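# Reading the structure
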Amino acid sequence: MEFIRACDDVAGAVRDAITGMVGTPEAGAYVKMGADGTPTKKIDQVAEEIIVDYFTCHPFCRRLISEELGCAEMGGENGTIFLDPVDGTYNAVVGIPFYALSIAYAEEGVVQAGYVQNLATGETFYAIRGRGACLDDRPIRVSGVSLLEESAMSVYGRKFDPTRVQMIGRKIRRWRLLGASALELCYVGCGRIDGFIDVRGTLRVTDAAAGMLVCEEAGGTVSDLEGNALVFPDEVSVGRSLVATNGTVHNKVIEYLR
């Protein structure tokens, strides 16, 4: 829980720093090309610098991997932090209140703790491996929906052949696309949606590591598009596709995606 408390501290500092920028041209000003191969905006840089400074002074990990910075040695004895300082940058830039800080802590390639805060609202999800997942300190659980015809799912695709999602799109009841993958994984975990499907092949470990643990510790299932275990490299320039569900409908979703 010490790691979760540290994340609370750093999230508060980030919110204080970026709140006045949200929805302004300053937030979306181009700074540089990030390590993940996408443009770093001013709001990303401000958030990342605060977080990196914090974990430099409080060495929770041996190295930190972030979308903007890439990989940095942090001085701790062991462990890796995967960081997305602002997941859903576009939402933050235009003022849509759905963007998040995502932080995961891993040891020997296994994520042990995950933290995701909606920076617009302060709503906070976290999970510790083997100890369940919480929303604002209250235990959460995935939905009990068992029929695709009654399900709500977030389905992502960009510059792709839509054929793969056409069948699932015809079966689900509600199609949502909210714009921040880390939060959407957590929304599966707390039962607000029944699944999250991303066929873009662009999700990185920094996007997904924390939210995946929240989803799984809340009873959900996360896999690749074939239903196999999803493995991310420790490299922010490499993306993956992902399926996360409440578990009950997972096999059916995979069947329709094939």
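Look above for the structure.
Keep in mind it's a predicted model, so treat the numbers as computed, not measured.

## A closer look at the pairing of strand β3 (residues 63-66)
Burial of β3 is two-sided: the residues R63 and I65 facing one way and the residues L64 and S66 facing the other way are all buried. When β3 meets strand β4 (residues 70-73), the two strands line up antiparallel, connected through 4 bridges. Paired with L64 across the two strands is A72, which belongs to β4. Pairing geometry for β3 and strand β5 (residues 80-87), over 4 bridges, is parallel. Bridging from a neighbouring strand, R63 pairs with T80 of β5.

## Side note on a negative patch on the surface
On the surface, D8, D9, D136 and D137 cluster together into a negatively charged patch. If you trace the backbone, D136 turns up in the loop between β9 (133-135) and β10 (138-139). Residue classification places D136 among the partly exposed residues on the basis of a relative accessible area of 35%.

## Structural notes on the sheet that holds strand β15 (residues 240-245)
An order of β12-β11-β13-β15-β14 is seen for the 5 strands of this open sheet, with the pairing classed as mixed. Taken across any chain shown, the strands that pair with only one partner, and hence form the sheet edges, are β12 (174-176) and β14 (221-223). When the angles between neighbouring strand axes are averaged without regard to direction, this sheet yields 20°. In terms of strand pairing, strand β11 (residues 152-156) meets strand β13 (residues 195-203) through 4 bridges, oriented parallel. In the sheet register, Y156 faces β13, and the bridge partner there is D198.

## Examining the side chain of S181
Here S181 shows up in helix α5 (residues 181-189). Here S181 falls in the buried class, since its relative accessible area comes to 5%. Excluding anything up to four places from it in sequence, S181 contacts D87, F196, D198, R200 and L203.

## Describing the pairing of β13
Inspection of the sheet shows β13 paired to β15 by 5 bridges, in the antiparallel sense. By the bridge assignment for β15, L203 is matched with R240.

## Points about a nonpolar patch on the surface
There is a patch of nonpolar side chains on the surface, built from Y90, V94 and I96 and spanning about 300 Å² of accessible area. Among the secondary structure elements, Y90 is positioned in helix α3 (residues 89-94). Judged by its relative accessible area of 60%, Y90 is exposed.

## A short note on unusual backbone geometry
The phi dihedral of D136 is positive, around 50°, even though this residue is not glycine. Despite not being glycine, D137 has its phi angle at roughly 75°, a positive value. Note on placement: D137 falls in the loop between β9 and β10. A relative accessible area of 58% places D137 in the exposed class.

Cut-off values and rules
- Residues numbered from 1 in each chain as written.
- Predicted model: local features only at pLDDT ≥ 70, side-chain atom pairs only at ≥ 80, totals over all residues.
- Heavy atoms only, no water.
- Buried < 20%, exposed > 50% of the residue type's maximum accessible area, 1.4 Å probe, protein only.
- Helix = DSSP H or I, 4+ residues; strand = E, 2+ residues; numbered from the N terminus.
- Pairing = 2+ DSSP bridges.
- Patch = residues over 30% accessible without salt bridge, like charges linked within 9 Å, V, L, I, M, F, W, Y side chains within 5 Å.
- Areas by Shrake-Rupley, 256 points an atom, 1.4 Å probe, with all protein chains shown as cover.
- Salt bridge = Lys/Arg side-chain N within 4 Å of Asp/Glu carboxyl O.
- Lys, Arg positive; Asp, Glu negative; His and termini not counted.
- Charge placed at Lys NZ, Arg CZ, Asp CG, Glu CD.
- Axes fitted to C-alpha atoms, helices over the stretch in contact; angles between N-to-C directions.
- Contact = heavy atoms within 4.5 Å.

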